[in-house]
Amino acid sequence: MKENNRGKNRLNNNEKKDNFDKKPDSNLPFFAYGIFKPGQIAYSKIKDLVLQKKEISINRPMKHRDGVPILLKKENERYKTKGFLYDFSDGEKAYRIICQTMPPALYKWGTIDVEGERANVLFGLDPNSGSNYIEDDADRESYEGRNDPLFKEGIQLIKDNLEAGKFFWEKGFFQLQMNYMLLWSAIDRYCKLKYNKESDYANRRELAQEKVFKDALRRIETDEYRTIYSSDDLSERKFDVENEIYCMNYYYTLRCNIVHRGKSSVRDVGLLRKATEDLLQIFETILDETFSEK
């Protein structure tokens, strides 16, 4: 019986992917209400392909699932969702990017009537399963990724803790470790939303190669970054601002070492605090640029 259930689940997942892989009509405009809106995480990926954009609202409600908005298919005059209608210079390329970025487990393609013309849109797949009602009035009408708890309250908590913390010996070091892990949770979320590659490693590489990451990296002091070693195979990790992939791997190796090692020296406390402060500064710069892009 369990075997049959697993097979059924695989079939359902394949059906969802097949439904999402049915490409939208690339000649139609696109109504963006989530991460592809101007000033949201994925807008930069299609920005150069947007021939013209127009801010509009439609009479359909949104819900939240996994921290992102999903649009409900049924029209309802009591609700409004604000977004942007895009005409693309190259619809084939733009829709290919959108399809590669959006998770097929959350969305399905459809069309809506917008001011007398048809437009492609991503509706929520099974919107009543695992979704939440949006409590805040403003968020209910207009998605704003900057308000994601990890990017807002989470980052502020790390900043407050770094300002107030005395990170010595076991108790203090654990607090510092928790701050670093929370920071990485925010970074992983950003990478998954923006890139949605086949692995977390591929997502991190994409972030490391962004110009904003490279520029922010070159502004930090690097003298304290001694060589460290991976817990898995004892391979060497060096910090070199001229090689952004090395630096990303360094920061991530430090994260993995935190998980795998139970004890560390005072020397490790200093390094971890330095890494937390610098990576926080880099990530805040990325967030600021991302959420200000119009």
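Just so we're clear, the structure is a prediction, and the values are computed from it rather than from any experiment.

Student: Whenever I open this one, the overall build of the protein confuses me. Can you help?
Tutor: For the protein, the helix and strand inventory stands at nine helices and nine strands. Summarising the internal contacts of the protein: among those between residues at least 6 apart in sequence, 71% fall at separations of at least 24. Looking at the protein as shown, the accessible area adds up to about 16,100 Å², and 46% of this sits on carbon and sulfur atoms.

Student: Just to check I follow, could you spell out the nonpolar core for this structure?
Tutor: Within soluble globular proteins, side chains that are nonpolar tend to cluster in buried spots. Core analysis: the biggest nonpolar cluster contains 85 residues, and F30, F88, I98 and Y251 have the highest contact counts within it. If sequence neighbours within four positions are ignored, F88 has contacts with F30, I46, L49, V50, L51, A94, Y95 and I98.

Student: Would you take a moment to explain empty space enclosed by the protein for this structure?
Tutor: Over the atoms, a rolled probe matching the size of one water molecule traces out where space is still vacant. Summed over all chains, the structure comprises two cavities of 30 Å³ or more. Lining the largest cavity we find F30, F31, A32, Y33, G34, I35, F36, P69, M102, Y107 and L122. Tallying contributions element by element places strand β1 (residues 30-32) first for the lining of the largest cavity, with three residues. Across the lining of the largest cavity, the residue classes tally to ten nonpolar, one polar and no charged. When its volume is computed, the second largest cavity comes out at roughly 30 Å³. W184, I187, L207, F213, M248, L279, I282, F283 and I286 together form the lining of the second largest cavity. Among the secondary structure elements, those contributing two or more residues to the lining of the second largest cavity are α5 (169-194) and α9 (266-290). It is α9 that contributes the most residues to the lining of the second largest cavity, four residues altogether. Class assignment for the residues of the lining of the second largest cavity results in nine nonpolar, no polar and no charged.

Student: What am I meant to see in the pattern of salt bridges here?
Tutor: Side chains bearing opposite charge may pair, as long as their charged atoms lie close to each other. Enumeration according to the criterion identifies 16 salt bridges in this entry. The residue E141 makes a salt bridge to K82 at a minimum N-O spacing of 3.8 Å. Here E141, found in helix α3 (residues 137-141), pairs with K82, found in strand β5 (residues 81-88); they are 59 residues apart in sequence, far enough to count as distant. A salt bridge links E242 to R218, with the nearest nitrogen and oxygen atoms 4.0 Å apart. One end of the pair, E242, is in the loop between β9 (236-237) and α8 (244-260); the other, R218, is in the loop between α7 (211-217) and β8 (228-229), and 24 residues separate them in sequence. Among the residues examined, R218 registers a relative accessible area of 37% and is labelled partly exposed.

Student: Would you take a moment to explain the side chain of T253 for this structure?
Tutor: By secondary structure assignment, the location of T253 is in helix α8. Under the relative-accessibility criterion, T253 is labelled buried at 6%. Polar side-chain contacts of T253 include one of 2.9 Å to the side chain of R237. Setting aside its immediate chain neighbours within four residues, T253 contacts I228, Y229, S230 and R237.

Student: Would you mind showing me how to read the packing of aromatic side chains here?
Tutor: Here a ring pair, both rings aromatic, is described through the centre-centre distance and the interplanar angle of the planes. Using the criterion set out here, one finds 20 aromatic pairs in the structure. Judged by centre distance (6.5 Å) and plane angle (45 degrees), the ring pair of F30 and Y86 falls under tilted. Taken together, the residues span a long stretch of sequence, with F30 in strand β1 and Y86 in strand β5 at a distance of 56 residues. Given a relative accessible area of 3%, F30 falls into the buried group. A connected cluster of aromatic rings, assembled from ring pairs, spans F30, Y43, Y86, F88, Y95 and W109. Note that R204 overlies the ring of Y252, its terminal NZ or CZ placed 3.5 Å from the centroid.

Student: Quick question: what am I supposed to make of unusual backbone geometry here?
Tutor: Most of the time, phi is negative for any residue but glycine, and the peptide bond is trans. Here the phi dihedral of D66 falls at roughly 55 degrees; this positive angle occurs in a residue that is not glycine. Tracing the chain through its elements places D66 in the loop between β3 (62-65) and β4 (68-71). The class of D66 is exposed, set by a relative accessible area of 56%. Its identity as a non-glycine residue notwithstanding, E115 has a phi of 50 degrees, on the positive side. Mapping E115 onto the fold places it in the loop between β6 (107-114) and β7 (117-124).

Student: Just to check I follow, could you spell out the pairing of β4 for this structure?
Tutor: Regular strands show a simple pattern: their side chains alternate between the two faces of the sheet. Side-chain alternation along β4 places V68 and I70 on one buried face and P69 and L71 on a second face that is also buried. As paired elements, β3 and β4 share four bridges and run antiparallel to each other. Residue R65 lies in a different strand from β4, and its bridge partner there is V68.

Student: Whenever I open this one, the confidence of the model for the protein confuses me. Can you help?
Tutor: Interpretation of the predicted coordinates at a detailed level should be avoided for regions scoring low in pLDDT. Per-chain confidence: the protein averages 89 in pLDDT, with 88% of residues scoring 70 or above. Per-residue pLDDT stays below 50 along residues 1-11; that stretch engages in zero contacts with residues further than four places along the chain or on separate chains.

Rules behind the numbers
- Residues numbered from 1 in each chain as written.
- Predicted model: local features only at pLDDT ≥ 70, side-chain atom pairs only at ≥ 80, totals over all residues.
- Heavy atoms only, no water.
- Helix = DSSP H or I, 4+ residues; strand = E, 2+ residues; numbered from the N terminus.
- Contact = heavy atoms within 4.5 Å.
- Areas by Shrake-Rupley, 256 points an atom, 1.4 Å probe, with all protein chains shown as cover.
- Core = buried A, V, L, I, M, F, W, Y, C linked by side-chain atoms within 4.5 Å.
- Buried < 20%, exposed > 50% of the residue type's maximum accessible area, 1.4 Å probe, protein only.
- 1 Å grid on protein atoms, 1.4 Å probe; cavity = no way out; pocket = protein on both sides within 12 Å on 5 of 7 lines; lining within 4 Å.
- Points joined across faces, edges and corners; volume = space filled by probe spheres on them.
- Nonpolar A, V, L, I, M, F, W, Y, C, P; charged D, E, K, R; others polar.
- Salt bridge = Lys/Arg side-chain N within 4 Å of Asp/Glu carboxyl O.
- Polar contact = N/O pair within 3.5 Å; in protein donor to acceptor, adjacent residues only side chain to side chain.
- Phe/Tyr/Trp six-rings, centres within 6.5 Å; stacked < 30°, edge-to-face > 60°.
- Lys NZ or Arg CZ within 6 Å of the ring centre and 35° of its normal.
- Pairing = 2+ DSSP bridges.
- pLDDT = per-residue confidence, 0-100.

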